[in-house]
Amino acid sequence: MTAAVLRAATARRRRLVLAAAAAATVALFVARALLGDYQIAAPDAVRILLGADLGPASFIFLETKLPTALVALAAGLALGGSGAAFQSMLRNPLASPDVMGVTLGASAAAVTGLVVAGLTGAQVTAAAFAGGLAVALGIFVLSGGAHSASNRIILIGLGLAFALQAVIHWVLIRGSVYQARDAMRWLSGSLNAMTWDGVSRLWVAVAVGLPLLLLLGRPLRLIEVGDDLAGGLGIRVPRVRLAVLLVVVLLTASATSVAGPIAFVGLLAGPIARRLNAGRSSLPLAALVGAAVVLGADLLGDARWPWGPLPVGIITGLLGAPMLVALLLRSTSEEEIHG
Amino acid sequence: MGELIARSVTLGYGDRVVARDLDVEVPAGRITSIVGPNGCGKSTLLRGFSRLLAPSTGQILLDGDDVATLSARELARRLGLLPQSPITPEAMTVAELVGLGRHPHRAMLGGWSRSDQDAVDEALEMTRTADLAGRRVDQLSGGQRQRVWIATVLAQRTATLLLDEPISFLDIARAVEVLDLVVDLNRQRGTTVVMVLHDLNLAARYSDRLIAMRDGAIVAAGPPSDVVTEAMVHDVFGVPSRVVPDPVSGTPLVVPIGRHHRRH
Amino acid sequence: MTVPRAAGGAIAVGGLAAGVLASFAIGAVSVPVGDVVGFLTGADPATAAILVARVDRTLVGVVCGAALALSGAVLQGVTRNPLADPGLLGINAGAALAVAVGVVTGIGASQGTVVALALLGAGAAAGFVALLSRGRPDPVLLVLLGAAVTAACLSAVSAVTIRNQAALEVMRFWQVGSIGGRGLPLLLPSLPVLVLGAVLTVWAGSTLNTLAVGDDLATALGTRIGRTRALLGTGAVLLAAGSVAVVGPIGFVGLVVPHIVRLLMGPDYRVVIAGSVLLGPVLLLTADIIGRVVMPPAEISAGLVVLLLGAPVLVALVRRSVHA
């Protein structure tokens, strides 16, 4: 096969997989918006969107189901895409903003705000965002900047993650058990009580951040073959790394501040996308996988379980472990983990 | 085209100075090799040339232009570098990897042009890896992989090519193959080549010009027959030797004398 | 710069003694050292009542501090991984999950059952991580695996407690490791486990030295690697599990203390083990003391103080050892 023919074939297959993933995501979105504990028929939904007033159905659809589905979609895209980009940048499939404390920074700030300062709604979101940003900056500064080895960055992130867990624990014992319960709800990535305010804030971040991330896809691909070779091919590696870091933090902190921490999505979307794409990494596919996972998990959590609905973060937390196991058991080369 | 000049260049990492006040001339259209013991600064010099390392004093000129003033893309179109240990990516085919070499010539959102495809095809031809185009890079043998890396920088189509220890992990047949390829490149396209080599004899045989370094300074520079002498080998490498004419190419051949072979 | 062994030993023992004295003397109410010494040697000073209250926490601090540090030292040797620590490897989270399940299902009534549950959870998590990282000695992989297992277990704990307020009330305090309010009645059921763990590991110094040179060489030198690793690993897990059952999950002690000993006294595992047993309690007691004096009369649990102190220490360790 000549190189040209190969190229065309690869591109064609890639487009097919992306299209399938997009279709699946749209289907899940529609399912989340219409199904679940309270069901709405599709024609009714369309009528509501066009302005008709169908009583309680209108209210529930417009004030709960639709915003929740929109946030799940945006959060999934943000977490999936940024997780994959982070892994590519650090050349380590097990690195992700969750594991490294960015998400925890947002969480710690949020619950501290909730329990200690009595913040509510938008204030909590703002605190979460600031927290995530602060941790990312901390990791950046402590590890010596974008020039550092990926191992260093990962380990420092882990160290900070543990300190932040301490903060969260302390907050949980400081308040009353009711406050603790509220804090834990937030910590489980519950998509309930979603307001249109939250939706628009997250979508703005995603609309800005995701295209930027996708643009950085090609330089990231080149960095995969080594900093020196990428430099020789005209990539300014430290700048690209910094840009990726900023966009990843923007997307992750935004998603976490609005939807709460959703475990494992950032970690697993990239590897799952790679497995679907014959081993090649793909940022747009990872974003779609992330969206599908969050929508699916939320759909699952919202179903009629005997013990009531489960928050999406817990579903992904529980299902994530076996997925991670599968991922690790299949990875054959040492190279993959060392980077 | 492709002349490199370093003027009073000091290179180092952080506080550690590796090479001080270097003056180096790499003539256009010729093959130049840099030799010297471990840690003498050969790779550092190469990184300075390719702007991976910024000199703390002095200038690096590529065809008269100060390298520091060129944009990354512009530099990448004129100068290519194959570093010592590139990282083998997972799940990339040879064709894709070689295609990466076209990056400096493609627009940010740009597609794949006819000339890009031609460059890749030509690179695969020259390195005799065209039949490996569909294979995954991580499944190739060491020798095949090294040829693929070379194809990648060949696809870049630069007037100057820097190679950092291109044959260090190859067996004798593969090593000679790669060096013959470098000569082809130089003769057919007029590419200026700068190589860092460990093997003094192969360097002498395949280069037009040799630069010997030690402890961050240039000890000798010139045609191999002038540079490779018993005195130089002793000064730079610290080992006594006999230098005789290579029976195949006539260039200097270094025969090192170890403890067990000394006469006195 | 290593300290000669005799001097190091003296410092360690002295440090331990000082730590114990301080644990008795310092607190919301200060007790003069003279009284403490008197109390410990059988006299009956005026402040005896306060001191009696502090006996339990000091004892628990000494025993669990030693257990945790020893566990960490042995784990680091067995896995040849300087970042091994029961907390970082998911053992604590596994124990937490088991305990949470016990609380919610009503099984975890007596302290004996809590010990059994914590043991089960810790063992399962440890076995899991060990299985997954078999044949892959990369330190970062192990730590990431542990972090993932921790995340999964903690998610499960959330799932279990989010609907059960009573369970939440118990777990939110249990999950913060603390040596205060944990007395002899809690320590006693764990003692057999701790003693067994100690027996399996405390003599392991020279074996660990041999293991450190790599599997092939160690076999050539006559060590039965598989069996040795299993025994030592089990001992380490027993120590950690026994400790978690009493004081709750406390991370970092196992990570940091062996490193400090190594830094001061060199890498000989016999010394590292002895040093860890002596210095572990010092760290834990110090954390507890700090927690007691920082905002009186309220207390910050030792577990929290250790984590807050431990994070910068880990960061400093990483900056030192992982190349830029």
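Here's what I pulled together on the structure shown here. (Residues numbered from 1 in each chain as written. Chains lettered and ligands numbered in written order. Predicted model: local features only at pLDDT ≥ 70, side-chain atom pairs only at ≥ 80, totals over all residues.)

### A few points about the overall build of chain B
In terms of helices and strands, chain B carries 9 helices and 12 strands. In terms of overall dimensions, chain B has C-alpha extents of about 65 × 40 × 30 Å along its principal axes. With 264 residues in all, chain B has 45% of them scored as buried. Considering only contacts in chain B between residues 6 or more positions apart, those separated by 24 or more positions represent 65%. (Helix = DSSP H or I, 4+ residues; strand = E, 2+ residues; numbered from the N terminus. Buried ≥ 20, exposed ≤ 12 C-beta atoms within 10 Å, placed from the backbone. Contact = placed C-beta atoms within 7 Å.)

### Some details on the interface of chain B and chain A
Counting residues at the interface gives 28 residues for chain B and 22 residues for chain A. Elements represented by at least two residues in the side of chain B that touches chain A include exactly α2 (72-78), β6 (79-82), α3 (94-100) and α4 (114-126) of chain B. For the side of chain B that touches chain A, the residue count by class is 17 nonpolar, 8 polar and 3 charged. (Nonpolar A, V, L, I, M, F, W, Y, C, P; charged D, E, K, R; others polar.)

### With respect to the nonpolar core
Core analysis: the largest hydrophobic core is formed by 292 residues, its most contacted members being A75 of chain A together with A118, A122 and A241 of chain C. If one sorts the elements of this core by residue count, helix α3 (residues 56-90) of chain A sits on top with 17 residues. Apart from the residues lying within four places of it in its own chain, the contact partners of A122 of chain C are I91, G94, A95, V237, A240, A241 and V244 of chain C. Judged by nonpolar contacts, the second largest core, of 6 residues, contains F24, V31, V36 and L51 of chain C. (Core = buried A, V, L, I, M, F, W, Y, C linked by C-beta atoms within 7 Å.)

### Looking at the packing of α3 of chain A against helix α13 (residues 283-302) of chain A
Residues and elements named next belong to chain A. Relative orientation of the contacting elements α3 and α13 amounts to 135°, with a least axis distance of 6 Å. One finds that α3 runs oblique with respect to α13. Judged by the sense of rotation from one axis to the other, the crossing of α3 with α13 is right-handed. Each of A72, L73, A75, G76, L77, L79, G80, G81, G83, A84 and A85 in α3 lies in contact with α13, whose residues at this interface are L283, A286, A287, V289, G290, A291, A292, V293, V294, L295 and D298. Broken down by class, the residue content of the contact of α3 with α13 amounts to 16 nonpolar, 5 polar and 1 charged. (Axes fitted to C-alpha atoms, helices over the stretch in contact; angles between N-to-C directions. Parallel < 35°, antiparallel > 145°, perpendicular 65-115°, else oblique. Left-handed = near helix turned anticlockwise from the far one by under 90°.)

### Some points on the sheet that holds strand β9 (residues 209-214) of chain B
All names here are of chain B. A sheet is described by the order of its strands in space; here 6 strands give the open sequence β6-β7-β8-β3-β9-β10, paired in mixed fashion. Among the strands making up the open sheet, the edge pair consists of β6 and β10 (217-222). Across the sheet, the mean angle separating the axes of adjacent strands is 15° when strand polarity is ignored. Sheet analysis places β6 next to strand β7 (residues 160-164), joined by 4 bridges and oriented parallel. Directly across from L82, in β7, lies its bridge partner L163. Here helix α1 (residues 42-49) sits on the sheet and contacts β3 (31-35), β7, β8 (192-196) and β9; the angle it forms with β8, its principal contact strand, is near 145°. (Pairing = 2+ DSSP bridges.)

### Thoughts on the sheet that holds strand β2 (residues 16-26) of chain B
Residues and elements named next belong to chain B. Pairing is antiparallel in the open sheet, where 4 strands are placed in the order β2-β1-β4-β5. The open sheet has two edge strands with one neighbour each: β2 and β5 (65-66). With 2 bridges connecting them, strand β4 (residues 57-62) and β5 associate as antiparallel partners. Following the sheet pairing, L61 is matched in β5 by D66. Across the face of the sheet, α1 comes into contact with β1 (4-13), β2 and β4 while running at roughly 115° to β1.

### Overview of the environment of S176 of chain A
All names here are of chain A. The topology assignment puts S176 in the loop between α6 (150-174) and α7 (177-187). Overall, S176 belongs to the exposed group, with 10 C-beta atoms counted inside 10 Å. Each C-alpha atom of the pair S176 and F129 lies 25 Å from the other, and the pair is 47 residues apart in sequence.

### Regarding unusual backbone geometry
All names here are of chain B. In this model, E165 sits at a positive phi of 50°, which is unusual for a non-glycine residue. Overall, the presence of 18 C-beta atoms within 10 Å leaves E165 in the partly exposed class. The backbone of D215 sits at a positive phi, close to 55°, despite the residue not being glycine. On the secondary structure map, D215 appears in the loop between β9 and β10.

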